[in-house]
Amino acid sequence: MSSVNQSAIDPRLIQDAPGLAGAWAGFRRRVSQGELGSLPVIIGLSAIWIIFYLANERFLSAINLTNLMLQISAMGMISAGIVLILLLGETDLSAGAVSGLAAAVMTILNVKMHVPAVPALLAGLATGAAIGAFQGTWVTRFKVPSFVVTLAGSLAWQGALFSVLGSTGSVNLYDPVITGLTSTFFSTAASWAIVAVIIGTYVGSVLLERRRRATLGLVQAPLRNVAIRMVIICGAVVAAVSIFTQDRGLPLATLIFAGVVVALELLLRNTRFGRHVFAVGGNAEAARRAGIRVEFIRITIFAMGSTLAAAGGMLAASRLLAVNQSSGSGDVLLNSIGAAVIGGTSLFGGRGSAWSAILGALVIGSIANGMDLLAFSSSVKFMVTGSVLLVAASVDAVSRRGRQAAGRA
């Protein structure tokens with residue numbers, strides 16, 4: 001590289017120099033280009049936890065952190081679907097209503113029609129997938145903005161929820177398979193066995209990916225960066241399970257939520273379909289000229305987003321042991337969208353990750369949980385959450401300008 005003028009190279013393509021000095025210089029360069037990644041949300045989450053711990057030591061207790069993960073599982077699942085929609089640069093305002101309708105379909109089938117739990121759960125997921133495919137098709141074929149289509153859908157699916165529940169208005173859940181989704185906790189031995197499988201699978205997948213890229217002669221991230229990332233992720237998993245085992249054990253709902261996020265991240269980062277999603281979100285016209293099936297990508301992502309919304313609604317119903325006419329309403333949609341944005345997914349499309357659902361849900365859930373411990377009013381919680389969302393959106397906008405400036409440089 002000595003014969004090449006570094007100033008003539010796109011700074012985003014420059015590899016970090018060896019050593020700590022090179023790593024620090026690379027970090028400063030990425031920050032100046034607006035490539036902040038998950039750093040702002042991790043710093044913010046750490047600050048939130050420190051503040052609430054100083055105000056009430058019970059906040060970081062094992063029982064409260066386990067409750068926190070149970071509280072955010074449903075919202076986080078819906079937020080994971082929102083992340084997919086945002087990656088396309090689109091919006092889904094129907095996610096909350098879809099979650100409530102899917103939960104109602106599952107409940108009516110199971111309780112009123114005596115359909116076994118598994119088929120009822122699958123029917124709920126199918127409801128979400130059908131709605132998402134319909135809305136995605138409408139957006140794609142008729143060129144109607146997703147904001148309008150999903151806003152109309154939000155009203156329509158809310159009405160469908162009322163129709164499905166009928167005059168009853170509320171239906172209680174009793175099936176142990178459905179209620180067990182959020183009331184099942186793995187023993188200490190089982191929890192650590194699951195962790196061993198997760199870490200082994202993760203490390204193996206990373207090493208196999210590096211080997212595959214080396215075989216193909218592709219540029220790879222420095223081994224030092226990969227090792228640091230692996231240590232941080234594995235350490236976070238071990239720390240989380242250590243906390244869970246001090247209480248009731250690893251919650252099944254948390255395992256389901258985390259598993260879905262990991263699967264989505266692998267899909268987005270390691271498959272052609274995932275690369276096409278980012279390409280469409282970055283520039284749909286350029287993606288179309290490159291031969292990418294833009295319409296197929298849009299419809300599929302809308303279907304996946306609504307399916308995840310349905311899954312979140314069923315987790316919420318499992319935890320509340322009931323479905324009623326307010327299921328999926330209130331602040332469910334706003335918190336889910338807020339979690340995706342706060343977690344680092346860009347509102348402008350083409351940038352973000354599935355991890356945004358976990359990080360953003362943790363931020364919103366931590367604020368609500370901590371303020372409940374401190375007996376704050378709902379009005380304060382809404383104002384604080386709104387302020388955090390505004391800051392996250394502002395950081396996203398500033399980062400976007402930084403990337404544009406780096407691209408012009």
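The shown structure was predicted, so the numbers you read here are calculated from the model rather than taken from an experiment. (Residues numbered from 1 in each chain as written. Predicted model: local features only at pLDDT ≥ 70, side-chain atom pairs only at ≥ 80, totals over all residues. Heavy atoms only, no water.)

**Describing the pattern of salt bridges**
For the coordinates displayed, the defined rule picks out eight salt bridges. As a salt-bridge pair, Arg-141 and Glu-295 come within 3.3 Å of each other at their nearest N and O atoms. Within this pair, whereas Arg-141 is found in helix α5 (residues 117-142), its partner Glu-295 is found in helix α13 (residues 294-320), the two being separated by 154 residues in sequence. For Arg-141, a relative accessible area of 51% corresponds to the exposed category. Connected through shared salt-bridge partners, Glu-285, Arg-288 and Arg-289 make up one network. (Salt bridge = Lys/Arg side-chain N within 4 Å of Asp/Glu carboxyl O. Helix = DSSP H or I, 4+ residues; strand = E, 2+ residues; numbered from the N terminus. Buried < 20%, exposed > 50% of the residue type's maximum accessible area, 1.4 Å probe, protein only.)

**A look at helix α3 (residues 62-87)**
Residues separated by three or four positions in an α-helix point in the same direction, a consequence of the helix having 3.6 residues per turn. At Ser-73, α3 is bent by approximately 40 degrees, the largest bend along its length. α3 sits mainly inside the fold: 23 of its 26 residues count as buried. Remark: Gly-89 follows α3 within two positions and exhibits a positive phi of approximately 80 degrees. (Bend = angle between axes of the 7 residues up to and from the residue.)

**Considering the packing of aromatic side chains**
Per the counting criterion, the structure on display carries five aromatic pairs. Here the aromatic rings of Phe-134 and Trp-157 are separated by 6.5 Å at their centres, their planes lie at 80 degrees, and the arrangement is edge-to-face. With Phe-134 in helix α5 and Trp-157 in helix α6 (residues 146-165), this residue pair connects regions lying 23 residues apart in the sequence. Looking at Phe-134, the relative accessible area reads 43%, which means it is partly exposed. On the numbers, 4.8 Å between centres and 40 degrees between planes, the contact of Trp-138 with Phe-142 is tilted. Within this pair, Trp-138 and its partner Phe-142 are both found in helix α5, separated by four residues, close to a single helical turn. Of the aromatic side chains, those joined through ring pairs into one cluster are Phe-134, Trp-138, Phe-142 and Trp-157. Stacked on the ring of Phe-296, the Lys or Arg Arg-293 has its end atom at 4.5 Å from the ring centre. (Phe/Tyr/Trp six-rings, centres within 6.5 Å; stacked < 30°, edge-to-face > 60°. Lys NZ or Arg CZ within 6 Å of the ring centre and 35° of its normal.)

**As for the packing of helix α4 (residues 95-112) against α5**
Where α4 contacts α5, the axes come no closer than 8 Å and their chain directions differ by 150 degrees. Taken together, the axis directions place α4 and α5 in an arrangement best described as roughly antiparallel. The interaxial crossing formed by α4 with α5 has right-handed handedness. Residues Val-98, Leu-101, Ala-102, Val-105, Met-106, Leu-109 and Asn-110 of α4 form the contact with α5, whose own contacting residues are Ala-117, Ala-120, Leu-121, Ala-123, Gly-124, Thr-127, Gly-128 and Ile-131. Of the residues assigned to the contact of α4 with α5, the class counts are eleven nonpolar, four polar and no charged. (Axes fitted to C-alpha atoms, helices over the stretch in contact; angles between N-to-C directions. Parallel < 35°, antiparallel > 145°, perpendicular 65-115°, else oblique. Left-handed = near helix turned anticlockwise from the far one by under 90°. Contact = heavy atoms within 4.5 Å. Nonpolar A, V, L, I, M, F, W, Y, C, P; charged D, E, K, R; others polar.)

**Some remarks on the confidence of the model for the protein**
For the protein, per-residue confidence averages 87 on the pLDDT scale, and residues scoring 70 or more make up 88% of the total. Throughout residues 1-14 the model reports pLDDT below 50, and contacts reaching past four residues in sequence, or to other chains, amount to twelve contacts. (pLDDT = per-residue confidence, 0-100.)

**A short note on the packing of α5 against α6**
Where α5 meets α6, the axes come as close as 9 Å, and the angle between the chain directions of the two elements is 145 degrees. For the pair α5 and α6, the crossing hand works out as right-handed. Of α6, the residues touching α5 (which contributes Ile-131, Phe-134, Gln-135, Trp-138 and Val-139) are Ser-146, Val-149, Thr-150, Gly-153 and Trp-157.

**Overview of the nonpolar core**
With 86 residues, the main nonpolar core has Met-106, Val-277, Val-280, Ile-297 and Ile-301 as its most contacted residues. Ranked by the residues each element gives to this core, the list is headed by α3, at 15 residues. If near-sequence neighbours (up to four positions away) are discounted, Ile-297 is found in contact with Leu-88, Phe-273, His-276, Val-277, Val-280 and Ile-292. (Core = buried A, V, L, I, M, F, W, Y, C linked by side-chain atoms within 4.5 Å.)

**Regarding unusual backbone geometry**
At His-114, a residue that is not glycine, the phi angle is positive and equals roughly 60 degrees. Positionally, His-114 belongs in the loop between α4 and α5. Classification of His-114 by relative accessible area gives exposed; the value is 65%. In this model, Leu-321 sits at a positive phi of 65 degrees, which is unusual for a non-glycine residue.

**So, the environment of Gln-246**
Structurally, Gln-246 can be placed in the loop between α9 (223-245) and β3 (250-251). The class of Gln-246 is exposed, set by a relative accessible area of 62%. Residues Gln-246 and Ser-61 lie 185 residues apart in sequence; the distance between their C-alpha atoms is 9.2 Å.

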